[in-house]
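Report on the structure
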Amino acid sequence: MKKTELREFFRDFRASLRVTSAKMPGLLPVTVLSSLLHSAFPFVSIILGARILDRLLAGGEGVMTLVWWMVGLNLGLGLAYKLLNLYQENQLFKSEDLTELAIMRKCLTMDYQQLETQEIMDKKVRAVEGSRNCGGGGGTSGFLLDLTGALEHGATILYALLTVSHLFLRGDVAPDVPAWVRMLNSPWAALALLAAALGVTAACIPLTNWANKVDMRMYEDGIDGNRRFGAFYRLVDYPVGKDMRTYDISGMVMDKFMRNEKTRNAQFKKNYMRGQSIRSLISVVNLTTVLLAYAFVGLKAMAGLITVGAVSMQVGAITAFAGAVSQGIEMLGRLDLHRKYMKEFAAFLDTPSEKYNGTLPVEKRNDGDYDLEFRDVSFRYPNQDQWSLRHVTCTLPKGRKLAVVGPNGAGKTTFIKLLCRLYDPTEGEILLNGIDIRKYDYGEYLSLLSVVFQDFKLFSMKLGENVAASTVYDPQRVWDCLEKAGMKERAERMEAGLETGLFQQKEDGVELSGGEGQKLAIARALYKDAPVVILDEPTAALDPVSEYEIYSRFGRMVEGKTSVYISHRMSSCRFCDVVYVFDNGSILQTGSHEELLEQEEGLYARLWRAQAQYY
């Protein structure tokens, strides 16, 4: 490993430890202590078992004392390890949830505009794949499990070296013994054996790095393949079932799915077999150390330089040493992989916010006296050259009903996204009571807005929770909002009422029609009771009767509030005080419904006549 790579390893390793300690501060010391205890456990039997054997061959004096010591130490160490291990396993189980929770929280709190960028999408996928890699043992839990293994193997190596340390001492031999016996009795012979073992270990390190690179390649290939697999798998779900059957797309989808799986499995098999071949080679190389050590101990025993008990002890220690070296190198390699996986995880969590979050509190007013103003606002989406809005200047005076109309792609929905601060203007500014909205606390500013987006979402939760956007709510308020939105009768027919689960994720779940879902989204906006109500195509999925009912109740629904109503249906503008006509990202006309109809050659009048001819 190069010096720069080594520095990177230790830097990222320390960062991984900080992530772990921050989530579960008591887990790291418990991991170290349990590793030391678990590693010491077999050496109690190896060392005391050898002493007992020598005592038995010498007449048996003091054997029972040693037996009781061995039993007591085994029980004590075993009980202590079990208690620590129970705590450790419980914390590791929690750590997987904490990892998923951290990714989820980051997605929910980062800037909305960042979620749309390819860079952030890739970071998220890499964080998720990294936290789940290695057969589901990635992230914090995988890191800690392999850290535990590495510590245990390291401690085993230390205990084994201490156990065989007397092999390095010169014993008493008769002057007439053969030269090869004197050579075995020399500490230099033991040092030569140790040097050979270290040489074999050093030879395994580049092989392990090679195997890790293969694993990392398997991880990289898996990201793209798993993403495509997930995309194909979602095509079997309920929302796309109608199109799949109507157009008989299943054959094409299955063909593409099988091609993707063939490519994905071929890549996996190639990398997996290569990794396993390298690890088999590592095992063969490590076997050399074991054979050399056994030969050395065996020759010393034949020469009478060590006792029968010592032979048993050395063989046990050497076996433990060889296994610990082999598995320890593998664990260090896995730790290096987990370090890289957690680096991806940390990189996603450390993604900085691009949007400035102000600190000014929003004045709390009971009269809804909030004036909003767009001042020479222009906007284009990230990585786009075309302007979505250009030099938009308008006011949203308090308590007025405003309509925003125009053809597709005119900039209407972008106008609303900027008003909600899902994006910030590229140029210009949006003001609330004369102050740039970027200077206000973001959460407090959003509390002023109730929005029904064109692509609104309902959730697989209870009906009442969907309306209140909370698990705790006032049932009477929910019923009132459902009534205003024209959804009360439908809700009353549901067997569980407000406790009814939406969608078929439960056996008693209810599927809503598009119009029913839209009414429920309107009820949610009403429940929030914000001073500014924004409805983006709120009746697009409603039948004419339901649409008329919404229009007729619209004034009562938003009484005393500032309301912004976006629609392709020009008839909706008759209920509004002011109409803004958008085209090509700019406000082309402004006025009341009647005033704009008088401009017969204007865009609004043309749109009105185009729709009116079908009624």
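Our subject is the structure listed above.
All values reported here derive from a predicted model rather than from experimental measurement.

1. Notes on the pairing of strand E4 (residues 427-432)
Where strand E1 (residues 372-379) lies against E4, five bridges are found, and the strand directions are antiparallel. The partner of Phe-374 across the bridge, within E4, is Ile-430. In this sheet, strand E5 (residues 435-436) lies alongside E4 in antiparallel orientation, the contact comprising two bridges. Within E5, the residue paired with Leu-431 across the bridge is Asp-436. The turn linking E4 back onto E5 is made up of two residues, and Asn-433 within it adopts a positive phi angle of 50 degrees.

2. As for the nonpolar core
General note: in soluble globular proteins, nonpolar side chains tend to be found buried as a group. One finds Leu-482, Leu-512, Leu-520, Val-579 and Tyr-604 to be the most contacted residues of the largest nonpolar core, which totals 41 residues. Looking at which element gives the most residues to this core, the answer is helix H17 (residues 514-528), with seven residues. Look past the residues within four positions of Leu-482 in its chain and what remains in contact with it is Val-467, Met-487, Lys-488, Ala-491, Leu-498, Leu-520 and Ala-523. Residues Val-377, Val-392, Ile-430 and Ile-437 belong to the second largest nonpolar core, which totals 35 residues.

3. Focus: the pairing of strand E7 (residues 532-536)
Here is the key point about a regular strand: its side chains alternate between the two faces of the sheet. With five of its five residues buried, E7 lies for the most part within the structure. Both faces of E7 are covered, namely the face carrying Val-532, Ile-534 and Asp-536 and the face carrying Val-533 and Leu-535. With four bridges joining them, strand E6 (residues 449-452) and E7 adopt parallel strand pairing. Across the sheet, the residue bridging to Leu-449 is Val-532, located in E7. Where E7 lies against strand E8 (residues 562-566), five bridges are found, and the strand directions are parallel. By the bridge assignment for E8, Leu-535 is matched with Tyr-565.

4. Details of H17
For H17, spanning 15 residues, the distance from its first C-alpha to its last is 22 Å, which sits close to the expected 21 Å at 1.5 Å a residue. Along H17, 13 of the 15 residues are buried, which leaves the element largely enclosed by surrounding structure.

5. Describing a negative patch on the surface
On the surface, a cluster of negative charge is contributed by Asp-474, Asp-480, Glu-483, Glu-489 and Glu-492. Within the residue set of the negative patch, elements represented by two or more residues are helix H15 (475-484) and helix H16 (488-493). Relative to the helices and strands, Asp-480 is located in helix H15. Overall, the relative accessible area of 34% leaves Asp-480 in the partly exposed class.

6. Details of the packing of aromatic side chains
For the structure on display, the rule yields seven aromatic pairs. Note on Phe-374 and Phe-415: the rings are 4.4 Å apart at their centroids and 25 degrees apart in plane angle, and the pair reads as stacked. Of the two residues, Phe-374 is situated in strand E1 and Phe-415 in helix H12 (residues 412-419); the sequence distance between them amounts to 41 residues. Taking the relative accessible area as the measure of exposure, Phe-415 reaches 1% and is therefore buried. Taken together through their ring pairs, the aromatic side chains of Tyr-112, Phe-379, Tyr-381 and Tyr-423 make up a single cluster. One cation-aromatic arrangement involves Arg-390 over Trp-387; the distance from NZ or CZ to the ring centre is 4.0 Å.

7. Concerning the side chain of Thr-414
Position of Thr-414 among the secondary structure elements: in helix H12. The exposure class assigned to Thr-414 is buried, which follows from its relative accessible area of 8%. When residues no more than four places from it in sequence are discounted, the contact partners of Thr-414 are Phe-379, Tyr-381, Ser-388 and Leu-389.

8. Thoughts on the pattern of salt bridges
Counted according to the given criterion, the structure contains nine salt bridges. The shortest N-O distance in the salt bridge between Asp-424 and Arg-421 comes to 2.8 Å. You'll find Asp-424 and Arg-421 in the same group, each marked buried. One network of salt bridges, with partners in common, ties together Glu-373, Arg-375 and Glu-429.

9. Some thoughts on the packing of H15 against H17
Two numbers describe how H15 lies on H17: the axes approach to 8 Å, and their chain directions differ by 130 degrees. Considering the angle they form, H15 stands oblique to H17. Of the two possible hands of crossing, H15 and H17 adopt the one that is right-handed. Only Leu-520, Ala-523, Leu-526, Tyr-527 and Lys-528 of H17 make contact with H15, whose side of the interface consists of Arg-477, Val-478, Cys-481, Leu-482 and Lys-484. Grouping the amino acids of the contact of H15 with H17 by side-chain chemistry returns seven nonpolar, no polar and three charged.

The rules behind the values
- Residues numbered from 1 in each chain as written.
- Predicted model: local features only at pLDDT ≥ 70, side-chain atom pairs only at ≥ 80, totals over all residues.
- Heavy atoms only, no water.
- Pairing = 2+ DSSP bridges.
- Helix = DSSP H or I, 4+ residues; strand = E, 2+ residues; numbered from the N terminus.
- Core = buried A, V, L, I, M, F, W, Y, C linked by side-chain atoms within 4.5 Å.
- Buried < 20%, exposed > 50% of the residue type's maximum accessible area, 1.4 Å probe, protein only.
- Contact = heavy atoms within 4.5 Å.
- Expected span 1.5 Å × (residues − 1).
- Patch = residues over 30% accessible without salt bridge, like charges linked within 9 Å, V, L, I, M, F, W, Y side chains within 5 Å.
- Areas by Shrake-Rupley, 256 points an atom, 1.4 Å probe, with all protein chains shown as cover.
- Salt bridge = Lys/Arg side-chain N within 4 Å of Asp/Glu carboxyl O.
- Lys, Arg positive; Asp, Glu negative; His and termini not counted.
- Charge placed at Lys NZ, Arg CZ, Asp CG, Glu CD.
- Phe/Tyr/Trp six-rings, centres within 6.5 Å; stacked < 30°, edge-to-face > 60°.
- Lys NZ or Arg CZ within 6 Å of the ring centre and 35° of its normal.
- Axes fitted to C-alpha atoms, helices over the stretch in contact; angles between N-to-C directions.
- Parallel < 35°, antiparallel > 145°, perpendicular 65-115°, else oblique.
- Left-handed = near helix turned anticlockwise from the far one by under 90°.
- Nonpolar A, V, L, I, M, F, W, Y, C, P; charged D, E, K, R; others polar.

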